[in-house]
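The chain contents come next:
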There are 2 protein chains.
Amino acid sequence: MLEELERTLHEDIPITTQLGITVLRYEADALALKAPLDANINHKGTAFAGSIYAVATLAGWGLIWLLLKEAEIAARIVIQESSIRYRLPITRDMVATCTKPSPARLEQFFVMLRRKGIARLELQTQIKEGGQTAVEFNGRYVASLHKEHVYQEP
Amino acid sequence: MLEELERTLHEDIPITTQLGITVLRYEADALALKAPLDANINHKGTAFAGSIYAVATLAGWGLIWLLLKEAEIAARIVIQESSIRYRLPITRDMVATCTKPSPARLEQFFVMLRRKGIARLELQTQIKEGGQTAVEFNGRYVASLHKEHVYQEP
């Protein structure tokens, strides 16, 4: 399923190939995407803020994509709003890890999606470097069963 | 000066070339950057959220770069935090317009930068399409005269 997610990202959003974004792992409680420093570097040798944002926002999008796949629900996923805080510069390949919501929150999300055809989910993504949190990202995503609900594709 | 800004973006952050980001215009009260839809498209034919963010964040960065150039101050500019709201999907080439702060706020910024060696500036950037605001971006940037103050390069 991770290969399918990575293929979906590269096919649906071609610039993710140039950004070098790959799916690193999907564990019990989180999805991790990776992006290489060299493709996303700035002249100070650290990662470009826009690339950091892209990998963070797609970690959340990818997590919902996997959760919907597991639940066998076909829905569109868009991002409605987000905030990001850059605490430390990133000097290596980056790994953006998006944490699963609690089972109760996830259940509520699926109930709402099935009942209303649309549901929101707030997700947190972090990028750590050397044991420290370098980047904190919060995104509000919307899944919808119908086309007319869509705000913004990822 | 706009050619120099564009060259700086492309040389300092190579991925901006792939994103197709160019400097469109610098008027009395705003800097506008442009990015083509085709390089940043997703499978729904709208612009990728990460590309939208990249051009918006660089519009603010570029505006401060120009303001510092005009004031003949050599400083590093980084982004500390930001938020973005996607109100409508973008279906054409995008133009991100960052509005200058008020003269009073700008004066305060320069005074602080000269006195403390570091100063923050909050900037708003919008992307409009067909007369409507499609994207609202708020960024908090930090300019610093000294290396040790740096948080995150753009």
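Up top is the structure these notes are about.
Residue positions are given per chain, counted from 1 along the sequence in the order it is written. Chain letters start at A and ligand numbers start at 1, both assigned in the order the entries are written. In view of the model being predicted, local features appear only for residues whose pLDDT reaches at least 70, and side-chain atom pairs are presented and counted only at 80 or more, with totals across whole chains, interfaces and linings using the full set of residues.

### Quick notes on the overall build of chain A
- Numbering of helices and strands runs from the N terminus, with a helix taken as a DSSP run of H or I at least four residues long and a strand as a DSSP run of E at least two residues long. The secondary structure content of chain A amounts to four helices and six strands.
- Taken from N to C terminus, the helices and strands of chain A fall in the order α-α-β-β-α-β-β-α-β-β.
- Scaling as 2.2 N^0.38, a compact globule of 154 residues should have a C-alpha radius of gyration of about 15 Å, and chain A matches this with 15 Å.
- With the principal axes as the frame, chain A shows a C-alpha extent of 50 × 30 × 25 Å.
- Expressed as a percentage of its 154 residues, the buried residues of chain A come to 42%.
- It is the C-beta atoms, placed from the backbone, that decide contacts: two residues are in contact if theirs lie within 7 Å. In chain A, the proportion of contacts linking residues at least 24 apart, taken out of those at least 6 apart, comes to 71%. Note that the radius of gyration is over C-alpha atoms, with the globule rule given as 2.2 Å times the number of residues to the power 0.38. Burial is judged by counting other C-beta atoms within 10 Å of a residue's own C-beta: 20 or more means buried, 12 or fewer means exposed, and anything between counts as partly exposed, with every C-beta placed from the backbone.

### Considering the sheet that holds strand 4 (residues 94–99) of chain B
- At least two DSSP bridges between two strands are needed for those strands to be called paired. Ordered in space as 1(A)-2(A)-4(A)-5(A)-6(A)-3(A)-3(B)-6(B)-5(B)-4(B)-2(B)-1(B), the twelve strands form an open sheet in which the pairing is antiparallel. Only two strands of the sheet have a single neighbouring strand rather than two, namely strand 1 (22–26) of chain A together with strand 1 (22–26) of chain B. For this sheet, the mean inter-axis angle between neighbouring strands, taken without regard to orientation, is 25°.
- Relative to strand 5 (residues 118–129) of chain A, strand 4 (residues 94–99) of chain A runs antiparallel, the two being bridged by three bridges. Across the sheet, the residue bridging to A:Thr97 is A:Gln126, located in strand 5 of chain A. Whenever a helix is involved, its axis is fitted only over the stretch in contact; in every case the axis is a line through C-alpha atoms, and angles between N-to-C directions fall within 0 to 180 degrees.

### Some words on the relation of the copies chain B and chain A
- Copies overlap after least-squares fitting; the atoms used are the C-alpha atoms of residues with pLDDT of at least 70 in both. In screw terms, the move from chain B to chain A is a rotation of 180° and a rise of 0.0 Å along the axis, fitting with an RMSD of 0.0 Å. Here the symmetry operator amounts to a two-fold rotation axis. The position closest to the rotation axis in chain B is occupied by the C-alpha of B:Ser83, lying 2.0 Å away.
- Counting the interface residues of chain B, we find that 100% of their copies in chain A are interface residues as well, pointing to one common contact surface.

### Some thoughts on the packing of helix 3 (residues 49–70) of chain A against helix 3 (residues 49–70) of chain B
- Packing of helix 3 of chain A against helix 3 of chain B brings their axes to within 9 Å, and their N-to-C directions diverge by 150°. With respect to helix 3 of chain B, the element helix 3 of chain A is oriented roughly antiparallel. Where helix 3 of chain A crosses over helix 3 of chain B, the two elements pack in a sense that is right-handed. Between helix 3 of chain A and helix 3 of chain B, the residues in contact are A:Ala49, A:Gly50, A:Tyr53, A:Ala54, A:Thr57 and A:Leu58 and B:Ala49, B:Gly50, B:Tyr53, B:Ala54, B:Thr57 and B:Leu58, respectively.
- Polarity classes work like this: nonpolar for Ala, Val, Leu, Ile, Met, Phe, Trp, Tyr, Cys and Pro, charged for Asp, Glu, Lys and Arg, and polar for all others, with Gly in that last group. Its residues assigned to classes, the contact of helix 3 of chain A with helix 3 of chain B comprises eight nonpolar, four polar and no charged. Between 65 and 115 degrees an angle is taken as roughly perpendicular, under 35 as roughly parallel, over 145 as roughly antiparallel, and anywhere else as oblique. Crossing chirality is assigned from the near helix's rotation relative to the far helix, an anticlockwise turn below a right angle marking it left-handed and a clockwise turn marking it right-handed.

### Thoughts on helix 3 of chain A
- How far a helix is expected to stretch is found by multiplying one less than its residue total by 1.5 Å. With 22 residues, helix 3 of chain A extends 32 Å between its outermost C-alpha atoms, agreeing within 8% with the 32 Å of an ideal straight helix rising 1.5 Å per residue.
- Helix 3 of chain A sits mainly inside the fold: 17 of its 22 residues count as buried.

### A look at the nonpolar core
- What makes a nonpolar core is a set of buried Ala, Val, Leu, Ile, Met, Phe, Trp, Tyr and Cys residues, with links drawn between C-beta atoms within 7 Å. Ranked by internal contacts, the top residues of the largest apolar core, which has 95 residues, are A:Ile52, A:Val55, B:Ile52 and B:Val55.
- Apart from the residues lying within four places of it in its own chain, the contact partners of A:Val55 are A:Ile21, A:Leu33, A:Ala35, A:Met94 and A:Ala96.

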